[in-house]
Each structure stands twice: as structure tokens, then as C-alpha cells.
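Overview (structure and organization)
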Amino acid sequence: MADPVPGQSPFRDARSPEEEPAPHALLGPVTGLLGTWAGGGDGGYPTLDGDFAYRQQVTFSHDGRPFLHYEARAWLVDADGTPLRPSARETGWWRLQPDGHVEALITQPTGVAELLTGRAGSGSADLVSGQVALTPTAKHVDASRRRYTLTDADTLDFHHDLQAVGQPMQRHLSARLHRTPAP
Ligand code: HEM
């Protein structure tokens, strides 16, 4: 059978629970995350010269199977919000298991690949890295923890703790993101 649009997958990703395909039942604890989010936050780490402000866009989508596709990109901004330069990017997969258990795989262009486990439900998700794989030239990352909290249906708070470059686990980032209208 020919593809409906030559060269494109006939199976589309959905960014909201109302779109086709319907979300798999196991996505129940995370359907509130579906969509594209944008907002800003700040971060720092003891090894850095100072704190920084950033903005970020995050998308969660699915194709009807029991996993989310996750994609995030961030850029640094000055005190007025003017973009300074591209910063962290990452992409990955959140595999939903029964009872809201989550297994996530997230990779970054800095040579870091994280395997995380945790739970999602009641408007939040809490993931802790079990394993971190590093390419030969990557900065040394031991572990990370990510918490996503829907403070209301259209507001997503994000906190990221990091154990890296010889430092104990501590805050690297926090941000508040807002749901953006569907394209
Ligand atoms: C919104 C996402 C993120 C932003 C905006 C961000 C921003 C930054 C900035 C500005 C720096 C200082 C170096 C530079 O100027 O580029 C930095 C360093 C670093 N970040 Fe992030 N980061 C993000 C996510 C992450 C993640 C997900 C990880 C790892 C799991 C990570 C691990 C590190 C490490 C290891 C360093 C180096 C620290 C050092 O060498 O002293 N970052 N980050």
C-alpha cells in the first residue's frame, strides 16, 4: 500500500489527549503533560562563575503506544530576556509501566545519556537516574533528578538536581513553563 504522503510516516504523533491517535491507557498518569510548553527559569552550580537565566521549550507527544516522546531545547537570556546563545538540548522517551512507573531514556549532545526511573501521577512526575553513560569527552555526570509538577492544567514547574564534576547532588535548574497553543 502506498503512503498517503510519499516519504512520510502514515502514523502521526499527537500532542494532546483529544487528537488522534488516542493515548494508550498506560499514558493515563502523564496525559496532562502532552503538548508544547515554553517558559523560563534560572540555574547555577558551584563550579560555575555565577547563576544564569534561560528560556526553554519542551514538547511531549505520543503515537498511540505506551511511551512519550520528549524533546527540550533551552537558550540563555540576559536580564531583559534577550537571547544570548543556544544552551542545553535533549531528546528521549518515557516508557510508561503499570501503576505510573516510568522508565526514561534521555540523551544530550554533550555526550551524556541518562536512564531514569520514577513515578508519574496526580499531576507530577519524579525521575531519578539509575545509570548515566558518558562519551569519552563528556563532562563527568554521576546522577540527576528531575521533577515535573503541573501546578494547574497549563503551568508546568520543572526542577533539576545534578550530581556532577565532583559535586554532591544539588539544584542545577528550575523553571516555570506554560502550555502553548496547538499549532
Ligand atoms: C534547561 C537545561 C539546561 C540549561 C539551561 C543548562 C545550562 C548550563 C550552563 C549555562 C552551564 C555552564 C556552561 C555553559 O556556559 O554552557 C552548564 C553546565 C553544566 N551542565 Fe547544564 N544546563 C541544562 C541542563 C543540564 C542537564 C540535563 C545536565 C546533565 C544531566 C547538565 C549538566 C551540566 C554539567 C555537567 C555542566 C558542567 C559543570 C562544570 O563543568 O562545572 N545540564 N549548564
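Residues numbered from 1 in each chain as written. Predicted model: local features only at pLDDT ≥ 70, side-chain atom pairs only at ≥ 80, totals over all residues. Heavy atoms only, no water.

Looking at an unreviewed UniProt entry, one finds the protein named Peroxynitrite isomerase and attributed to Streptomyces hazeniae. If you open the UniProt record of the protein and go to Catalytic activity (unreviewed entry), you find "peroxynitrite = nitrate". Under the heading Pathway (unreviewed entry), UniProt records this for the protein: "Nitrogen metabolism." (UniProt positions renumbered as here; feature names shortened; annotations may be inferred.)

What follows concerns the coordination of the iron atom of the ligand. There is one protein donor for the iron atom of the ligand, and it is H172 (NE2), at 2.2 Å. Inspection of the secondary structure assignment puts H172 in strand β10 (residues 170–179). (Donors = N, O, S within 2.8 Å, 3.2 Å for Na, K, Ca; no water. Helix = DSSP H or I, 4+ residues; strand = E, 2+ residues; numbered from the N terminus.)

In this section: the site of the ligand. Of all residues adjacent to the ligand, which total 22 residues, the nearest are T47, R85, E114, K139 and H172. With respect to the ligand, the side chain of K139 contributes an N or O atom lying 2.5 Å from an oxygen atom. Contacts to the ligand include H172, whose side-chain N or O atom sits 3.0 Å from a nitrogen atom. Listed by contribution, the elements that provide at least two residues to the shell around the ligand are β2 (52–61), β3 (67–77), β4 (83–96), β8 (141–152), β9 (155–164) and β10. The leading source of residues in the shell around the ligand is β4, at 4 residues. Of the residues contributing to the shell around the ligand, the split by class is 11 nonpolar, 6 polar and 5 charged. (Near = heavy atom within 4 Å. Polar contact = N/O pair within 3.5 Å; in protein donor to acceptor, adjacent residues only side chain to side chain. Nonpolar A, V, L, I, M, F, W, Y, C, P; charged D, E, K, R; others polar.)

This part is about a nonpolar patch on the surface. Taken together, the side chains of W93, L105 and L115 make up a nonpolar region of the molecular surface, amounting to roughly 260 Å² of accessible area. Judged by its relative accessible area of 40%, W93 falls in the partly exposed class. (Patch = residues over 30% accessible without salt bridge, like charges linked within 9 Å, V, L, I, M, F, W, Y side chains within 5 Å. Areas by Shrake-Rupley, 256 points an atom, 1.4 Å probe, with all protein chains shown as cover. Salt bridge = Lys/Arg side-chain N within 4 Å of Asp/Glu carboxyl O. Buried < 20%, exposed > 50% of the residue type's maximum accessible area, 1.4 Å probe, protein only.)

E20 connects to P21 through a cis peptide bond whose omega is -5°. If you trace the backbone, P21 turns up in the segment before β1 (35–43). A positive phi is found at D99, a non-glycine position, where the angle reads about 65°. As for its placement among the helices and strands, D99 is situated in the loop between β4 and β5 (101–108). Classification of D99 by relative accessible area gives exposed; the value is 63%. Phi is positive for V165, which is not a glycine, with a value near 40°.

This paragraph deals with the pairing of β4. Pairing of β3 with β4 involves 10 bridges; the strand directions are antiparallel. Within β4, the residue paired with F67 across the bridge is R95. Hairpin connection between β3 and β4: a loop of 5 residues separates the two successive antiparallel strands, and G81 in this loop has a positive phi of roughly 90°. As judged from the 6 bridges shared by β4 and β5, these two strands associate in the antiparallel manner. Bridge pairing links L96 to V102 in β5. (Pairing = 2+ DSSP bridges.)

To continue, consider the pattern of salt bridges. Proximity of charged atoms lets side chains of opposite charge pair with each other. According to the stated counting rule, one finds 10 salt bridges in the structure shown. Two residues, R145 and D126, come together in a salt bridge whose shortest N-O distance is 2.7 Å. Of the two residues, R145 is situated in strand β8 and D126 in strand β7 (residues 124–134); the sequence distance between them amounts to 19 residues. R145 sits in the partly exposed class, given a relative accessible area of 29%. The salt bridge involving D157 is made with R176; its shortest N-O contact spans 2.7 Å. Residue D157 is found in strand β9, and its partner R176 is found in strand β10; the two are separated by 19 residues along the sequence.

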